[in-house]
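Results of the structural survey
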Amino acid sequence: MTHTKHKIPRAKGELAFEIAASILCVLIILVSVYPIYYILICSVSNPFAVQSGEVLFTVKGFTLESFKAAFQMDGLWTAYGNTIFYTVFGVIFNMFFTATMAYALSKKRLIARKFFTLLVAFTLWFQAGMIPLYLTLRNYNMLDKRITILLAFAINAYNLIILRSFFEQLPDSLEEAALIDGASNIRIFWSIYLPLSKPALVTVGTFYAVNRWNNYFWAMNILNDDSKIPLQVMLKKLLVDRVAGAEEAAIITPASATSPDTIIYAVIILAIVPMLIAYPYVQRYFKSGATLGAVKG
């Protein structure tokens, strides 16, 4: 006996909704992607064409002179190295403090667990503000120091709650079996919880990495030494702090190899490329589960 599959007919309203939703998604994608695309084509186009508004959808007069000029900028690679340093070591600090605290808060046997959880959640609703935080850092003599960028923002309450909730979902039988075998809390955390929590750790780590890479506000206010500033602060200076002078007064002609704007576009592309390359490799962890198959029977 053969069974034939019958498709359930969809109502006209449902079909219209799917079409409208698809169109809306395409529009959102275009609005999100076009600014990056525009910056890219401007960075490799003739400066005069960019200045005159001819560059909208396609490259006009392809050239890499703006990238060459960006590569030769004073302090660019120092700022780039600082950004990598703050991102790599910042994420290490973030994940260490966030994961250890999330593990502790996930345990019902923790004394005053609800009180500590409430303190963490409280910071989501009420924060001290920028000025009190800056004054606190100044009073502790933590201004213009690299370690301040790493330690002052070591834990994000939202990410902490995400990781704590993930740890709570892991079966208690895993920990009980390890305790019977004589494992310590540190061994259980390192050998059981962390390996099983890879998707959550990668997700939270990605949130931290993007935030660290794009951070410029506090770095701009805390760091005074140009040799310590990240790339984003350097970009801010290029975009906002350019003094009207020779660069602004320069006349852009069809023969011009570069312009201040195209050089800035090139630096922006250099700043966002690492995140664009890294994201596809971690995206698959966002929707994976960790407890599937952990306990059988």
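In short, a report on the structure.

**Some thoughts on unusual backbone geometry**
At Ala112, a residue that is not glycine, the phi angle is positive and equals roughly 60°. Relative to the elements of secondary structure, Ala112 occurs in the loop between helix 4 (76-105) and helix 5 (113-125). In this structure, Asp144 takes a positive phi of about 60° despite not being glycine. Classification of Asp144 as partly exposed rests on a relative accessible area of 23%.

**What to know about the nonpolar core**
By size, the foremost hydrophobic cluster in this structure holds 38 residues, and its most contacted members are Met73, Leu76, Leu223, Leu231, Met234 and Val267. In terms of residues, this core owes the most to one element, helix 15 (residues 260-282), which gives 10 residues. Beyond its immediate stretch of four places on either side in the chain, Met234 contacts Met73, Asp74, Gly75, Leu76, Ala79 and Ile229. The next biggest cluster of nonpolar side chains, apart from the first, holds 23 residues, and it includes Ala99, Val120, Val204 and Ala209.

**With respect to the packing of aromatic side chains**
Applying the stated rule across the entire model yields 20 aromatic pairs. Here Tyr80 and Trp213 contribute two aromatic rings whose centre-to-centre distance is 6.0 Å and whose plane-to-plane angle is 75°, an arrangement assigned as edge-to-face. Linking Tyr80 in helix 4 with Trp213 in helix 11 (residues 198-214), this pair joins segments that are 133 residues apart in sequence. Judged by its relative accessible area of 5%, Trp213 is buried. A ring pair is formed by Phe153 and Trp218, whose centres lie 5.8 Å apart and whose planes are at 40°; its orientation type is tilted. Here Phe153, found in the loop between helix 7 (146-151) and helix 8 (157-169), pairs with Trp218, found in helix 12 (residues 217-222); they are 65 residues apart in sequence, far enough to count as distant. Note that Arg146 overlies the ring of Phe85, its terminal NZ or CZ placed 5.9 Å from the centroid.

**Here we look at the side chain of Ser43**
Among the secondary structure elements, Ser43 is positioned in helix 1 (residues 12-43). The class of Ser43 is buried, set by a relative accessible area of 0%. If sequence neighbours within four positions are ignored, Ser43 has contacts with Thr63, Ser66, Phe67, Thr262, Tyr265, Ala266 and Ile269.

Calculation notes
- Residues numbered from 1 in each chain as written.
- Predicted model: local features only at pLDDT ≥ 70, side-chain atom pairs only at ≥ 80, totals over all residues.
- Heavy atoms only, no water.
- Helix = DSSP H or I, 4+ residues; strand = E, 2+ residues; numbered from the N terminus.
- Buried < 20%, exposed > 50% of the residue type's maximum accessible area, 1.4 Å probe, protein only.
- Core = buried A, V, L, I, M, F, W, Y, C linked by side-chain atoms within 4.5 Å.
- Contact = heavy atoms within 4.5 Å.
- Phe/Tyr/Trp six-rings, centres within 6.5 Å; stacked < 30°, edge-to-face > 60°.
- Lys NZ or Arg CZ within 6 Å of the ring centre and 35° of its normal.

Scope: geometric values only; no functional claims are made or implied.
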